[in-house]
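Structural features, examined
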Amino acid sequence: MRNFISVDQLSNKEIYSVLKKAEYYRLKDFQVDHQLFVANLFFEPSTRTKTSFTVGQRKLGLEVLDFHSETSSVLKGESLYDTAKTFESIGANMLVIRHEADDWFYQLENKLSIPIINAGAGKAEHPTQCMLDLLTIFQEFGGFQGIKVAIVGDIKHSRVARSNVSALQRLGAEVCLCAASGFEDDDLEVPYISIDEAVQNCDVLMLLRIQYERHQQHTETMNYLEQYGLTKAREKQMKKNAIIMHPAPVNRGVEIDSDLVECSKSRIFRQMSNGVYIRMAIMMQLLEDWGILNENNFKERKTFAAVK
Ligand code: CP
């Protein structure tokens, strides 16, 4: 793998290999044995993705270069390409990029000699979110074959939905969509069902945030929870072992009743923890595939108990 831009790049076997690696990093601490620099270039807001990349990088012993678009030369008109090229020239060994353009990667493709990871591309793709979602489902059900997944919410503006639909389908899950009028995306060839069918039949209820910032006009959501969201009454209709997921941030009281965000079926905070390990696995895979590191460059981090 030269860059990680879409889950579509990975075969099913490669997806399972990344999941296995992430589980390994969850259970054991490993560090690289020489100095490598990584830059997280976020041109859109982020809490989870940026922080989990940073934690993963620090756990692996990678040096994280500072970048905040709002205090950078982006304000002087510097382009994405020139920003990325600058970091490469200064010494970054890998770039993690989030940008509002669906196709930002094509401005950089074949123009840099370091690996690039997509941390979110407009409405198009969020592949590391998809991989952490897959890890969360895998931990719960041990596989994907026949698992019924309902993706519910603002499908039209969601990069998470687009990344997850294709990956889940080819891994054998039965995927359905559920959206309020105007939030559907006809490009996705997946059946739509009602919210009540979704909650009663699914094993995984994957709720999506209403992406107000991508809407062309004001969206009224006063009755959204009752009409399309996960209320307490609907949660009671879910199957015994079904789980609730949401990439977050959550609009509490809109997609989901606030009291359900941390209920026993919710895996929302587990998804965030998994984000650290899945991103570690993807970064290490790229550094290995580029020949920047090999297995001899890893050493187990000594814990306090081991040092004693
Ligand atoms: N799920 C997700 O991408 O969250 P952030 O926007 O906070 O990174």
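As shown above, the structure is provided for reference.
In this text the structure is predicted, and so the values were computed from the model without any measurement.

**Points about the packing of aromatic side chains**
Scanning the entire structure with this criterion turns up eleven aromatic pairs. On the basis of an interplanar angle of 55° and a centroid distance of 5.5 Å, the ring pair of Phe43 and Phe67 is categorised as tilted. Placement of the pair is Phe43 in the loop between strand E2 (37-42) and helix H2 (48-59) and Phe67 in the loop between strand E3 (63-65) and helix H3 (80-90), with a sequence separation of 24 residues. Phe43 gets classed as buried once you look at its relative accessible area, which sits at 16%. The structure contains a cluster of three or more aromatic residues connected by ring pairs, namely Tyr16, Phe138 and Phe144. Seen from the ring of Tyr81, Lys111 lies directly overhead, with NZ or CZ sitting 5.7 Å from the centre.

**Examining the packing of H2 against helix H9 (residues 268-289)**
The contact between H2 and H9 brings their axes to 8 Å, and the two run at 55°. As the angle between them shows, H2 and H9 are arranged oblique. Along this stretch, H2 crosses H9, giving a crossing that reads as right-handed. Contact residues: Arg48, Thr49, Ser52, Phe53, Val55, Gly56, Gln57 and Lys59 in H2; Met272, Gly275, Val276, Tyr277, Arg279, Met280 and Met283 in H9.

**Here's the deal with the nonpolar core**
Core analysis: the biggest nonpolar cluster contains 66 residues, and Tyr25, Ile117, Met131, Leu134, Ile151, Leu168 and Ile278 have the highest contact counts within it. Looking at this core element by element, the count peaks at ten residues for H9. Other than its neighbours up to four places away in sequence, Tyr25 contacts Phe30, Leu60, Tyr277, Met280, Ala281, Met284 and Phe298.

**Digging into the side chain of Ser163**
Following the sequence through the fold, Ser163 ends up in helix H5 (residues 159-170). Classification of Ser163 by relative accessible area gives buried; the value is 1%.

**Focus: unusual backbone geometry**
For the bond running from Ala248 to Pro249, omega is 5°, close enough to zero to count as cis. With respect to the helices and strands, Pro249 occurs in the loop between strand E9 (243-245) and H9. The backbone of Asn110 sits at a positive phi, close to 65°, despite the residue not being glycine. Here Asn110 shows up in the loop between strand E4 (94-99) and strand E5 (116-121). Non-glycine residue Ala248 carries a positive phi angle of around 65°. Inspection of the secondary structure assignment puts Ala248 in the loop between E9 and H9.

Conventions used here
Residues numbered from 1 in each chain as written. Predicted model: local features only at pLDDT ≥ 70, side-chain atom pairs only at ≥ 80, totals over all residues. Heavy atoms only, no water. Phe/Tyr/Trp six-rings, centres within 6.5 Å; stacked < 30°, edge-to-face > 60°. Helix = DSSP H or I, 4+ residues; strand = E, 2+ residues; numbered from the N terminus. Buried < 20%, exposed > 50% of the residue type's maximum accessible area, 1.4 Å probe, protein only. Lys NZ or Arg CZ within 6 Å of the ring centre and 35° of its normal. Axes fitted to C-alpha atoms, helices over the stretch in contact; angles between N-to-C directions. Parallel < 35°, antiparallel > 145°, perpendicular 65-115°, else oblique. Left-handed = near helix turned anticlockwise from the far one by under 90°. Contact = heavy atoms within 4.5 Å. Core = buried A, V, L, I, M, F, W, Y, C linked by side-chain atoms within 4.5 Å.

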